[in-house]
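Okay, here's what each chain looks like letter by letter:
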Amino acid sequence: MHPFSGQLIRPHMDPDPSRPVQRAITTKLTDALKPDHLEVQNESHMHAVPPGSESHFRVLVVSSKFEGLPLIQRHRLVNEALKEELSSCVHALAIQAKTPEQWQSNPTVAKSPPCLGGSKGDHTVEEKLKAGRE
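In what follows, the accompanying structure is described. (Residues numbered from 1 in each chain as written. Predicted model: local features only at pLDDT ≥ 70, side-chain atom pairs only at ≥ 80, totals over all residues. Heavy atoms only, no water.)

1. Brief notes about the sheet that holds strand β1 (residues 37-42)
Moving on, step 1. Pairing in this open sheet of three strands is mixed, and the strands run β1-β2-β3 from one edge to the other. With one partner strand each, in any of the chains shown, β1 and β3 (92-98) form the two edges of the open sheet. For this sheet, the mean angle separating the axes of adjacent strands, direction not counted, is 10°.
Moving on, step 2. Contacting β2 (56-62) and β3, helix α2 (residues 71-81) crosses the sheet at an angle of about 125° to β3. (Pairing = 2+ DSSP bridges. Helix = DSSP H or I, 4+ residues; strand = E, 2+ residues; numbered from the N terminus. Axes fitted to C-alpha atoms, helices over the stretch in contact; angles between N-to-C directions. Contact = heavy atoms within 4.5 Å.)

2. Here's the deal with the packing of helix α1 (residues 20-33) against α2
Moving on, step 1. Contact geometry of α1 with α2 gives a least axis separation of 9 Å together with a crossing angle of 125°. As the angle between them shows, α1 and α2 are arranged oblique. Every pair of crossing elements has a handedness; the one defined by α1 and α2 is right-handed. Contacts between α1 and α2 pair K28, L29, A32 and L33 from the former with L77, V78 and A81 from the latter.
Moving on, step 2. Of the residues in the contact of α1 with α2, the class split is six nonpolar, no polar and one charged. (Parallel < 35°, antiparallel > 145°, perpendicular 65-115°, else oblique. Left-handed = near helix turned anticlockwise from the far one by under 90°. Nonpolar A, V, L, I, M, F, W, Y, C, P; charged D, E, K, R; others polar.)

3. Topic: the pattern of salt bridges
Moving on, step 1. This model, assessed by the stated rule, comprises four salt bridges.
Moving on, step 2. For the salt bridge of E43 with R58, the shortest nitrogen-to-oxygen distance reads 3.4 Å. With E43 in the loop between β1 and β2 and R58 in strand β2, this residue pair connects regions lying 15 residues apart in the sequence.
Moving on, step 3. K83 is the salt-bridge partner of E80, the closest N and O atoms lying 2.9 Å from each other.
Moving on, step 4. Looking at E80, the relative accessible area reads 47%, which means it is partly exposed. (Salt bridge = Lys/Arg side-chain N within 4 Å of Asp/Glu carboxyl O. Buried < 20%, exposed > 50% of the residue type's maximum accessible area, 1.4 Å probe, protein only.)

What follows is the structure in structure tokens.
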């Protein structure tokens, strides 16, 4: 068990001081949603961004705060918790938002499809990402 509110975080998902955006996402989702289970995956390496970028993430959040809420409302709670990151340095966020009961009956994490291009031809991406961090 991880010290955050009894949540389970896989060892490779522990907040890393060299990953400030990933650490902020983990902390903010933990504080806002008190998840039973949380996974934060940096998928930036799958996209046309400089090495070491923190711009594309996938989150799996299992929280009782999602009970009785439609999927759109669950996503809004996640987006609200991460509004600062989404308005600055995070370019893409894939969200899986499950109740504990849903997670217990289907404990799978969706996989992201491969990047099909997007900014691969945009040579100013590194500058844009740097500007978003400042």
